[in-house]
Amino acid sequence: MINFFAKSGMTWLRLFEAAAEAGFRSEAPRLREIIEVMNEPYKAHWFRYGRPENFALPGDFAQVGEALTVLDEELRARLWSEN
């Protein structure tokens, strides 16, 4: 999946916007802000290669964790539904 993003020029922000255009809505708090912040490390390949010791997250870690938990639950309900 990551290779698809890299080859197509897709970023997390573009994917989020495409999902929104297709009708996806999330109740995850501050999701767009989190994606905007995490988009930069993704584009800089920090998740695969060298990265700085620290980089800023929006809000505190508990808020980021809460948003990702909500998003995970929403996606699981859609992707692994019996219907």
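Everything below is about the structure printed above this text.
Residues numbered from 1 in each chain as written. Predicted model: local features only at pLDDT ≥ 70, side-chain atom pairs only at ≥ 80, totals over all residues. Heavy atoms only, no water.

K.L.:
An account of the overall build of the protein chain is needed here, citing residue identities and associated values.
P.N.:
Tallying secondary structure elements over the protein chain gives four helices and zero strands in all. Counted from the first residue to the last, the protein chain has its helices and strands arranged as α-α-α-α. Each of the 83 residues in the protein chain was classed as buried or not, and the buried ones make up 22%. The long-range share in the protein chain, meaning contacts at least 24 apart out of those at least 6 apart in sequence, stands at 64%. (Helix = DSSP H or I, 4+ residues; strand = E, 2+ residues; numbered from the N terminus. Buried < 20%, exposed > 50% of the residue type's maximum accessible area, 1.4 Å probe, protein only. Contact = heavy atoms within 4.5 Å.)

K.L.:
So, the nonpolar core: which residues are in play, and what are the values?
P.N.:
Judged by nonpolar contacts, Leu13, Phe16, Phe24, Ala28, Leu31, Ile34, Ile35, Met38, Val64, Ala67 and Leu71 together constitute the single largest core of eleven residues. Contributing elements (two or more residues each) for this core: α2 (12–21), α3 (31–43) and α4 (61–79). When residues no more than four places from it in sequence are discounted, the contact partners of leucine 71 are Phe24, Ser26, Ala28 and Leu31. (Core = buried A, V, L, I, M, F, W, Y, C linked by side-chain atoms within 4.5 Å.)

K.L.:
Quick rundown of α4? Include the residues and the values.
P.N.:
In this model, α4 (19 residues) spans 26 Å end to end at C-alpha, consistent with the 27 Å of a helix rising 1.5 Å per residue. For α4, every residue scored as buried is listed here: Val64, Ala67, Leu71 and Glu74. Buried residues along α4 cover an arc of 100° about the axis, so they all sit on one side. In this structure, α4 carries Phe61, Ala62, Glu73 and Ala77 as exposed residues pointing more than 90 degrees from its buried face. (Expected span 1.5 Å × (residues − 1). Arc of directions from axis to C-beta.)

K.L.:
How would you explain a nonpolar patch on the surface if you had to name every residue and give the values?
P.N.:
Together, Leu75, Leu79 and Trp80 make up an exposed nonpolar region whose accessible area comes to about 360 Å². Summarising the element assignment, leucine 79 is placed in helix α4. (Patch = residues over 30% accessible without salt bridge, like charges linked within 9 Å, V, L, I, M, F, W, Y side chains within 5 Å. Areas by Shrake-Rupley, 256 points an atom, 1.4 Å probe, with all protein chains shown as cover. Salt bridge = Lys/Arg side-chain N within 4 Å of Asp/Glu carboxyl O.)

K.L.:
Go over the pattern of salt bridges, please, and point to the residues and values.
P.N.:
Throughout the structure, instances matching the rule amount to four salt bridges. For arginine 30, the salt bridge identified is with glutamate 33, shortest N-O distance 2.9 Å. Here arginine 32 and glutamate 36 are joined by a salt bridge, their closest N and O atoms 2.9 Å apart. In this pair, arginine 32 and glutamate 36 are both assigned in helix α3, four residues apart and thus about one turn of the helix distant.

K.L.:
Report on the environment of threonine 11, specifying residues and quantitative values.
P.N.:
You can see threonine 11 is positioned in the loop between α1 (2–8) and α2. A relative accessible area of 12% places threonine 11 in the buried class. Along the chain, threonine 11 and isoleucine 35 lie 24 residues apart, while their C-alpha atoms are 9.6 Å from each other.

Interpretation in functional terms is not warranted from these geometric data alone.
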